[in-house]
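Listed below, chain by chain, are the residues.
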Amino acid sequence: PISSETPDWGAPRQTRRGMVPMGRSDQAARLLLNHMDFMEALTHEDHNLLCAQPEPYGPLFVWLEGQFHEYGVQTWVVLRERLRVMDGPLGVTDGEPSELMAELRGVLDRNLIAHIKQQENDAVAAMSTDPTAAQRLRELHAQRLSLEAKLRKPA
């Protein structure tokens, strides 16, 4: 169940040299918070991967999905008010929605590739005891190669 409590996400992380570089989870959060309508284009697998991210991202994506299902598409202003504190790299995004959606898709596909690589490693490890592992490995490998080829295509 999704908590109705509003999480306090705090300020962006900093190091002695300044802000921590924006990672894929940062990008996905920034894009989805500013363009909540992109939630409609995500697959079930996308939702699962986002919600499984380590803190603070997983809980943020769970909360955002709950907001989407409960209230529908909301603006960044409304979400920001509900989050109370959200600044820095998760702030406003600029650009055409189609370009921003393509950026989000790229972020999600890279996350999915990393997840598939882990599943491939698991399948290799299981090959000595699981007769279906070799077939699963072939399927995962084909899926990963397809995603990697999609990412290499020029936009």
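Computed from a predicted model, the values in this text were never measured in an experiment.

Caption draft 1: Expanded view of the packing of aromatic side chains. If you walk through the whole model with that rule in mind, you get zero aromatic pairs. The lysine or arginine in question, Arg82, covers the ring of Tyr71, its NZ or CZ lying 4.2 Å from the ring centre.

Caption draft 2: Focus on helix 2 (residues 44-51). Within helix 2, the full set of buried residues consists of Asp46, His47, Leu49 and Leu50. Buried residues of helix 2, seen end-on, are gathered within an arc of 165° and therefore sit on one face of the element. Buried residues belonging to helix 2 abut helix 1 (24-34), helix 3 (57-71) and helix 5 (97-126).

Caption draft 3: Region of interest: helix 3. With 15 residues, helix 3 should cover 21 Å at 1.5 Å per step; its first-to-last C-alpha distance of 20 Å lies within 8% of that length. Among the residues of helix 3, Tyr57, Gly58, Leu60, Phe61, Trp63, Leu64, Glu65, Gly66, Gln67 and Phe68 are the ones counted as buried. In the core, the buried residues of helix 3 are packed alongside helix 1, helix 2 and helix 4 (76-83). Following helix 3 by one or two positions, Gly72 has its phi on the positive side, about 80°.

Caption draft 4: Quick peek at the nonpolar core. Counting 24 residues, the largest nonpolar core has Leu32, Leu64 and Leu104 as its most contacted members. Residue assignment for this core shows that the elements contributing at least two residues are helix 1, helix 3, helix 4 and helix 5. Counting residues per element, this core draws most heavily on helix 3, which supplies six residues. Apart from residues lying up to four places away in sequence, Leu64 is in contact with Leu32, Leu33, Met36, Met39 and Leu79. Membership of the second largest hydrophobic core comes to six residues, among which are Leu49, Leu112, Ile113 and Leu140.

Caption draft 5: Spatial organisation of the pattern of salt bridges. Under the counting rule described, the total for this entry stands at seven salt bridges. For Arg30, the salt bridge is made with Glu103, and the minimal N-O distance between the two is 2.6 Å. With Arg30 in helix 1 and Glu103 in helix 5, the pair connects residues that are 73 residues apart, well separated along the chain. Assessed through its relative accessible area of 12%, Arg30 is described here as buried. The salt bridge involving Asp46 is made with Arg105; its shortest N-O contact spans 2.8 Å. With Asp46 in helix 2 and Arg105 in helix 5, this pair connects stretches of sequence that are 59 residues apart. Among the charged side chains, a network of salt bridges with common partners joins Asp46, Arg105, Asp109 and Lys150.

Thresholds, definitions, all that
- Residues numbered from 1 in each chain as written.
- Predicted model: local features only at pLDDT ≥ 70, side-chain atom pairs only at ≥ 80, totals over all residues.
- Heavy atoms only, no water.
- Phe/Tyr/Trp six-rings, centres within 6.5 Å; stacked < 30°, edge-to-face > 60°.
- Lys NZ or Arg CZ within 6 Å of the ring centre and 35° of its normal.
- Buried < 20%, exposed > 50% of the residue type's maximum accessible area, 1.4 Å probe, protein only.
- Helix = DSSP H or I, 4+ residues; strand = E, 2+ residues; numbered from the N terminus.
- Arc of directions from axis to C-beta.
- Contact = heavy atoms within 4.5 Å.
- Expected span 1.5 Å × (residues − 1).
- Core = buried A, V, L, I, M, F, W, Y, C linked by side-chain atoms within 4.5 Å.
- Salt bridge = Lys/Arg side-chain N within 4 Å of Asp/Glu carboxyl O.

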